[in-house]
Amino acid sequence: MAATIASLLKPWTPRLCPVRWSRYNPYYLEPEPRREAYAAPEAELTPEERELKTTRSIKAARANDNSSPYNDPIISKFINMMMQDGNKILAREIMTQTLEAIKRKQVEKYHSGPAAEREGIECNPYAIFHQAIENCRPVIGLTSVQKGGRSYQVPISLTDSRRRFLAMKWMITECRDNKHRRTHMYEKLSQELLAAFANEGNVIKRKHDFHKMAEANRAYAHFRWW
Amino acid sequence: MVPSKETESMFHTEQQVGQYYTIPSAQLKKAFPNGLPRRFQMQIKTFNEACVMVRQPGLELISYLKRADYAKPALRYILFGEVGCGKTMSLCHTLHFCSTQGWLVLHVPDAHLWVKNCKELLPSSSRPTRLDQPIEASQWLKNFKITNEHFLSKQIKTTRRYIWTKRESTEEGRPLGEMVDHGMSRVKSSSDVVGALLRELRLQAGGATEDAFRLAVAVDGVNALWGKTSLKKEDKSPVSPDDLTLIHNLKKMLRNDWCGGAILTTLSQTGSLFKPRSAYLPTELLGEEGFDNMDPFVPIPVSNYSDKEFESCYLYYMDRNWLQHPHSRTEEGRKELLFLSSRNPSILERLCSFL
């Protein structure tokens, strides 16, 4: 058995070597940061699980994945997308300030308004963030297909990760480009996220325009062969 | 233990350590036009109320003030502690007590603001070697007037004639409010007005007449007075704190040669210049010269939250609907907050603000 594992773990480089793809041997397993996965004591594991633990190699864990329940993968992804020049500390600061700004606005509304409206006001910044990104996701996208010397914009369905990426990218570029120069990023982001939560604002408009373009090019849908 | 939010009552005892009390908003605007820390002001705006926790250093200071003999020279109290422990909040708690008892409160919210980032430094009109700071002085006079309106308009009169420029002067026997108004309108001589005001208050505090008042001098970040400044004169030579009129007059105020009041001060590393982050003891922050000037003083250490105070703070945030993350409302989340903040009040506040 040792010989087969050694043969699987020999130095391996992928056939294509793009710069940002992972260079790990595909034999390696993903790391598991959650504490519950390690809760079962060793005696209760089945022989397969025990073999998995003792012999399989695991990739190194990322710096921002931690076992705390406060960890949120979507927020981590957003922080990574906002990061410039590798300055993760600044990106995380902006994110925490944004969440704080959203919470302050909502809690202020909660406390100053009449008691009847209190049920309807959502104060959890994480819920607002998730819902806003959800509202910004496009359903259908466009891709360029070459046919007969000309390239056409063809509507296709998007994968989940592509949709999430597009929503976050639109949010960040909107806040960076189309707002007043002297406002802080966290202010701009909190305004835009609260607007997206209520299905208004520039990012939702951009999503609708995107959908309209796909609808307009509906005639070319049959160019898709996959 | 549920924190009972009592209405403001100045008869706090040890049983109420850890509980919150509210400051009514009318008194808030009057007593603290800008004396509170910035994050606390944001919290007041969000929660629509000003709730201060009663803690042991504040209670200690208030008990000393109640028992002190005001016929003797003023006692100096220094609140010191690590960064973010609650020194400024304890000072504000004590100042609220003083203002409800009818004292005249002289509050310098942050002495560090006077020794750095000054936009206009004018050579002083009265003394050739000193430098004036008109903007800071007039801003401070405005806040002083808001806090002590009733004293200025009626009771206190000047004791001698002050000449500000060739054409302007304040006669003897005029109410102090006139002098303050003059300082606010003629910004160029506002630093001199501040100096004269401090001198008048020093002479008249704790007199034997029936309209005598007690004077509370509160300076936050007193280590700024003896440190270095980041200001430069026009020939790029560094300015020492003694060259500034405001600082010079304030130092005279902090000497204990006057009776009928108390001097409450706080050390602060956060605004200080050229001091390491880990310095918090009086000897480190005040330096030799500062310590000799302030000696003898009553030191009051301020520490992080105890278990009871942490619990009270946590329950207050829950009650105000501030902790929104579902995990932070569980026992596990509470332990995690305890660990991450290591009971430091300001770090706990910053953590809870985004959780």
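Position numbers for residues count from 1 along each chain, tracking the sequence in the order it is written. Starting at A for chains and at 1 for ligands, labels are handed out in the order in which the entities are written. Residue-level local features of this predicted model are given only where pLDDT is at least 70; pairs of side-chain atoms are given and counted only at 80 or more, and the full residue set underlies all totals for whole chains, interfaces and linings. Remark: hydrogens and water are excluded; side-chain values derive from all non-hydrogen atoms of the structure.

Chain B appears in an unreviewed UniProt entry as Small ribosomal subunit protein mS29 from Electrophorus electricus. Under Sequence similarities (unreviewed entry), UniProt gives the following word-for-word description of chain B: "Belongs to the mitochondrion-specific ribosomal protein mS29 family." UniProt positions are given in the numbering used here, feature names are shortened, and annotations may be inferred rather than shown by experiment. For chain B, the Subcellular location (unreviewed entry) comment in UniProt is given as "Mitochondrion".

Under the annotation held in an unreviewed UniProt entry, chain A carries the name Small ribosomal subunit protein uS7m and is attributed to Electrophorus electricus. As stated in UniProt under Subcellular location (unreviewed entry), the record for chain A gives "Mitochondrion". Of chain A, the UniProt comment under Sequence similarities (unreviewed entry) reads exactly: "Belongs to the universal ribosomal protein uS7 family."

*Asks:* What is the right way to read the interface of chain B and chain A from this model?
*Replies:* Interfaces are often sized by the accessible area lost when the parts come together. We call two residues in contact when some of their heavy atoms are within 4.5 Å. Contact with chain B, which involves 25 residues of that partner, is made by 18 residues of chain A. When chain B packs against chain A, the two sides together hide about 1,900 Å² of surface, and 55% of this comes from carbon and sulfur. Area buried by chain B at its contact with chain A is led by Thr46(B), Gln324(B) and Phe354(B), which between them contribute 29% of it. Salt bridges are counted wherever a side-chain nitrogen of Lys or Arg sits within 4 Å of a carboxyl oxygen of Asp or Glu. Here chain B is connected to chain A by four salt bridges. A salt bridge links Glu100(A) to Arg39(B), with the nearest nitrogen and oxygen atoms 2.9 Å apart. Residues adjacent in sequence count toward polar contacts only when both atoms are side-chain atoms; beyond that, a polar contact is any pair of N or O atoms within 3.5 Å, and within protein one must be able to donate a hydrogen and the other to accept it. On the surface where chain B and chain A come into contact, there are eleven residue pairs in polar contact (both at pLDDT 80 or more). Reported buried area values correspond to the accessible surface (1.4 Å probe) lost by two parts on association, with both partners' losses combined.

*Asks:* Could you clarify how one ought to interpret the UniProt feature "domain: Small ribosomal subunit protein uS7" (unreviewed entry) in chain A in this entry?
*Replies:* If you check UniProt for "domain: Small ribosomal subunit protein uS7" (unreviewed entry), the listed places come out as residues 63-218 of chain A in our numbering. Along residues 63-218 of chain A one finds 60% helix and 10% strand; the C-alpha atoms at either end are 44 Å apart. A helix here means a DSSP run of H or I that spans at least four residues, while a strand means a run of E at least two residues long, and both kinds are numbered starting from the N terminus.

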